[in-house]
Amino acid sequence: MADKDEDLPRDARIVKSLLKSMGVEEYEPCVIHQLLELWYRHVVDVLTDAQVYSEHADKSTIDCDDVKLSIQSKVNFSFSQPPPREVLLELASSRNKIPLPKSLTGPGIPLPPEHDTLINPNYQLAIRRRQPAQAVEEMEDERSDTNPSQEQQAIDEPQQQQTPQRVSFPLSKHPK
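Just so we're clear, the structure is a prediction, and the values are computed from it rather than from any experiment. (Residues numbered from 1 in each chain as written. Predicted model: local features only at pLDDT ≥ 70, side-chain atom pairs only at ≥ 80, totals over all residues. Heavy atoms only, no water.)

Draft legend 1. Region of the structure containing a nonpolar patch on the surface. Taken together, the side chains of Ile14, Leu18, Trp39, Tyr40, Val43 and Leu47 define a hydrophobic patch exposed on the protein surface, amounting to about 500 Å² of accessible area. At the level of secondary structure, the elements contributing two or more residues to the nonpolar patch comprise helix H2 (10-21) and helix H3 (29-56). Looking at the nonpolar patch element by element, the count peaks at four residues for H3. The residue Ile14 is located in helix H2 in this model. (Patch = residues over 30% accessible without salt bridge, like charges linked within 9 Å, V, L, I, M, F, W, Y side chains within 5 Å. Areas by Shrake-Rupley, 256 points an atom, 1.4 Å probe, with all protein chains shown as cover. Salt bridge = Lys/Arg side-chain N within 4 Å of Asp/Glu carboxyl O. Helix = DSSP H or I, 4+ residues; strand = E, 2+ residues; numbered from the N terminus.)

Draft legend 2. Just the side chain of Ser54, in detail. The residue Ser54 is located in helix H3 in this model. Residue Ser54 is classed as buried on the basis of its relative accessible area of 2%. At 2.8 Å, the side chain of Ser54 forms a polar contact with the backbone oxygen of Thr61. Leaving out residues up to four positions away in the same chain, Ser54 has contacts with Lys59, Thr61, Ile62 and Asp66. (Buried < 20%, exposed > 50% of the residue type's maximum accessible area, 1.4 Å probe, protein only. Polar contact = N/O pair within 3.5 Å; in protein donor to acceptor, adjacent residues only side chain to side chain. Contact = heavy atoms within 4.5 Å.)

Draft legend 3. Representation of the pattern of salt bridges. Taken as a whole and assessed by the stated rule, the structure comprises five salt bridges. With its nearest N and O atoms 3.7 Å apart, the salt bridge here joins Arg10 to Asp11. Accessibility expressed as a relative area gives 17% for Asp11, which makes it buried. Of the charged contacts in the structure, one is a salt bridge between Lys74 and Asp49, with a shortest N-O distance of 3.2 Å. With Lys74 in helix H4 (residues 64-78) and Asp49 in helix H3, the pair connects residues that are 25 residues apart, well separated along the chain. Look at the salt bridges and you will find they share partners, linking Lys59, Asp63 and Asp66 into a network.

Draft legend 4. Quick peek at H3. For H3, which comprises 28 residues, the first-to-last C-alpha distance of 42 Å matches the rise-based estimate of 40 Å (1.5 Å per residue) to within 8%. For H3, the complete set of buried residues consists of Ile32, Leu36, Val46, Ala50 and Ser54. Of the surrounding elements, those touching the buried residues of H3 are H2 and H4. Downstream of H3 by a residue or two, Asp58 has a phi angle that is positive, lying close to 55°. (Expected span 1.5 Å × (residues − 1).)

Draft legend 5. Local environment of the confidence of the model for the protein. Summary statistics for the protein give a mean pLDDT of 78 and a share of 65% for residues scoring 70 or more. Averaged pLDDT values for the elements of the protein fall to 52 in helix H7 (residues 148-161) and rise to 94 in helix H5 (residues 85-96). (pLDDT = per-residue confidence, 0-100.)

Draft legend 6. Structural context of the packing of H2 against H3. Contact geometry for H2 and H3: axes closest at 10 Å, N-to-C directions at 110°. Viewed along their axes, H2 and H3 adopt a mutual orientation that is roughly perpendicular. For the pair formed by H2 and H3, the contact residues are Asp11, Ala12, Ile14, Val15, Lys16 and Leu19 on the first element and Val31, Ile32, Leu35, Leu36, Trp39 and Tyr40 on the second. When the residues that make up the contact of H2 with H3 are grouped by side-chain class, the tally is ten nonpolar, no polar and two charged. (Axes fitted to C-alpha atoms, helices over the stretch in contact; angles between N-to-C directions. Parallel < 35°, antiparallel > 145°, perpendicular 65-115°, else oblique. Nonpolar A, V, L, I, M, F, W, Y, C, P; charged D, E, K, R; others polar.)

Encoded structure:
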């Protein structure tokens, strides 16, 4: 085990000793690498902010005050204080005044209302309109003077020119 510790970089050994001092005895080896990555990222963020503060103060180097200010801004940004207990109790009492809805449990698994589900019928049918019989006969009379090949086209055209009538079904059954 001592050989493994000697092979690790100094920072990894520090993380390992920190874990051991906190009572963590079993962990996967990737935990050390993940903690090192988090540690490096935090240090880079703090030093980058400290450099910005130093440049804003027209200083050529980063000093301890810049680092402290950067850490303090990260703490203020990352962590917030919970509201006081009195405020939480007041919010809880106002929220708890509203009773919960009654459970409509029956046999089996309770399901949401049908209008809230995504499995309702959701489709449209296209129904072709049929022309009245008189209109078809008039068209045939008008075209009877033409040659037979044109007559066949005339019969085919009314079927192609018909516009479909759309029929749709409502998606929800509840009134709005």
